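# Observations on chain architecture
Each chain is listed here by its residues.
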Amino acid sequence: NPVNMLKLILFCQMENITSSRGMAKAAQHDIRLMWLTDELMPSHQAISEFMKHRLKDRIESIFYDLNRYIIDTEKIDTDKLYIDGTKVEANANKYTFIWKGSIEKFRDKLYRKMTKRIEELNEHYVDMGIFFPVYDTYEVDYLKRILAFLEKEIEQTEMAFVYGKGTRKTALQRDYEKIFEYVTKLEDYTRYIAIIGPGRNSCARTDHDATFMHMKEDHMRNGQLKAGYNVQIGVSDEYILHLDIFQDRNDYQTFIPMMEGYKSAYGFYPEYPVADAGYGGLTNYRYLKDNEMKLFQKYNMYSKDTTDKKRMRDPYFTLGLVKEGQDYIAKNGERLTFKYTNRRGNDVYELPDGKTKEINDENVAYQKEVIENLSSELGIELRIQRSIQVEGAFGIIKEAMNFRRFKRRGIQNVKFEFYLIAIGYNLKKFHNKKYRITQ
């Protein structure tokens, strides 16, 4: 019965029983589960197969359906969404680094070796009128055509390959073996560069979707990189309303996909998406304005801009300048003269001492609005609640639920695993709140 199987799995998630063997054992011995599932006692293989073939593709819709019920029942304030992320270690070997830069360097060396070998081949077959073009870079298909030609030569000469001590390889055997080696290596390099993709610089050999990144929990205590995923959650009134898994090492690039995912799930944007300094910046502020959301996200220099007195007393402090025509006027009355707009879209101004200063008017306006918003009573309350709610959720998941490493591999499987954890967290929170109210 799929309904009873779902009850079994979700109840076990509430009780922090995450393995299929643990669930099977609980179904046999926990009287609450016996009552809940009509004494359903499946084997761990049956639970695993159900999760793999029936639940995995539906878990996202189940998560949001449960959340909609909780929103309606608990009267959740969906105008406020507290966003944060954490890096969770992947189920991958810690020392199987695959770095994009290293692969590209080895591939370039391989290209040079190929060029040298192909030039030697052209010397061997010049009497036959055969010439292989030489390039700066090579494709696998081109090398395979050379390999096919050498195979025909081997068949025509009926040459037998020799190995071991006391044997001497022919030039044809050496050429064939070298080209075959180049094809194999180039296929590997091409495959790994495609797996890593343009947005990353590394992956793990045992979990290609995992990226090597710095973790807060460093068992070696040497800042060692480990394969992991960037887990992002959005919390409202203590419930996880939205989540996503990313391969990005920083949080900035995850903000817009998170908001779009939230809109896709619920049909609207939160009015007050609150996040820390890792999410604030021109692109994200512009996106928030375009979609009529409020700016309650710190930026990188927010703390210094609001607390560093020496910085604030500087006559050329950006937020203290006053616009006058195309130029800026400093606190001491000096003029910053506009010179030109650079490639990054920033205006360059010349200071009285001959130095230059870059200013982006649009970004400065957003930063002033952020400071004003976060300094208001509402802003202070939202900042406090963000620290309590979203970081509190991660604290419970990591400490109370003892979740510090994914068990599954591949980004889709990892996302399925974290959906289960978030559902267990939300159901447990919902039950505890109801129990407290009853008491």
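So, a few notes on the structure that sits alongside this text.

## Concerning the overall build of the protein chain
The helix and strand inventory of the protein chain stands at 15 helices and 13 strands. Relative to the globule expectation of 22 Å for 439 residues, the C-alpha radius of gyration of the protein chain, 30 Å, shows a markedly less compact shape. A principal-axis box enclosing the C-alpha atoms of the protein chain has dimensions of 90 × 80 × 40 Å. Considering the protein chain as a whole, with its 439 residues, one finds that 44% of them fall into the buried category.

## Quick look at unusual backbone geometry
Positive phi is not limited to glycine here, since Lys75 has a value of about 55 degrees. Position of Lys75 relative to the elements: it lies in the loop between helix H5 (59-74) and strand E1 (80-89).

## Quick word on the pairing of strand E6 (residues 239-246)
In terms of burial, E6 is largely enclosed, as eight of its eight residues are buried. Bridge count for strand E5 (residues 225-236) against E6 is seven bridges, and the pairing is antiparallel. When the bridges of E6 are listed, Ile233 appears paired with Leu243. Connecting E5 to the next strand, E6, in antiparallel fashion are two residues, including Asp237 with a positive phi near 50 degrees.

## Notes on the sheet that holds strand E9 (residues 322-324)
Taken in spatial order, the five strands of this open sheet run E9-E10-E11-E12-E13, and their pairing is antiparallel. For this open sheet the edge positions go to E9 and strand E13 (356-359), each flanked by a neighbour on one side alone. Ignoring which end each strand starts from, the neighbouring axes of this sheet average 35 degrees apart. As paired strands, strand E12 (residues 347-350) and E13 are joined by four bridges and run antiparallel to one another. From the neighbouring strand, Asp347 faces E13, where its bridge partner is Ile359.

## Let's talk about the nonpolar core
Here is a general trend for soluble globular proteins: nonpolar side chains tend to be buried in one another's company. Counting 97 residues, the largest nonpolar core has Leu55, Ile233, Phe406 and Phe418 as its most contacted members. For Phe418, the contacting residues outside a window of four places in its chain are Val231, Ile233, Leu243, Ile245, Ile397, Phe403 and Phe406. Core analysis: the second largest hydrophobic core is formed by 30 residues, Met114, Leu121, Tyr125 and Phe149 among them.

## Description of the side chain of Asn4
Here Asn4 lies in helix H1 (residues 2-14). Residue contacts for Asn4: discarding those within four places in its chain leaves Leu36, Thr37, Asp38 and Leu40.

## Some details on the packing of H1 against helix H4 (residues 44-55)
Two numbers describe how H1 lies on H4: the axes approach to 11 Å, and their chain directions differ by 105 degrees. Accordingly, the angle class assigned to the pair H1 and H4 is roughly perpendicular. Judged by residue contacts, Pro2, Met5, Leu6, Leu8 and Ile9 of H1 engage Ala46, Ile47, Phe50, Met51, Arg54 and Leu55 from H4. Its residues assigned to classes, the contact of H1 with H4 comprises 10 nonpolar, no polar and one charged.

## Regarding the pairing of strand E7 (residues 272-275)
What you see with E7 is no split at all: Tyr272 and Val274 on one side and Pro273 and Ala275 on the other are buried throughout. One ladder, built from three bridges, connects E1 with E7; its direction is parallel. Residue Tyr82 lies in a different strand from E7, and its bridge partner there is Val274. In this sheet, strand E8 (residues 296-297) lies alongside E7 in parallel orientation, the contact comprising two bridges. Bridge assignment links Val274 to a residue of E8, and that residue is Phe296. After leaving E7, the chain enters helix H10 (residues 282-290) and then returns to the sheet as E8, a path that is right-handed.

The rules behind the values
- Residues numbered from 1 in each chain as written.
- Predicted model: local features only at pLDDT ≥ 70, side-chain atom pairs only at ≥ 80, totals over all residues.
- Heavy atoms only, no water.
- Helix = DSSP H or I, 4+ residues; strand = E, 2+ residues; numbered from the N terminus.
- Rg over C-alpha atoms; globule rule 2.2 N^0.38 Å.
- Buried < 20%, exposed > 50% of the residue type's maximum accessible area, 1.4 Å probe, protein only.
- Pairing = 2+ DSSP bridges.
- Axes fitted to C-alpha atoms, helices over the stretch in contact; angles between N-to-C directions.
- Core = buried A, V, L, I, M, F, W, Y, C linked by side-chain atoms within 4.5 Å.
- Contact = heavy atoms within 4.5 Å.
- Parallel < 35°, antiparallel > 145°, perpendicular 65-115°, else oblique.
- Nonpolar A, V, L, I, M, F, W, Y, C, P; charged D, E, K, R; others polar.
- Right-handed = clockwise from strand over helix to strand, strands pointing away.

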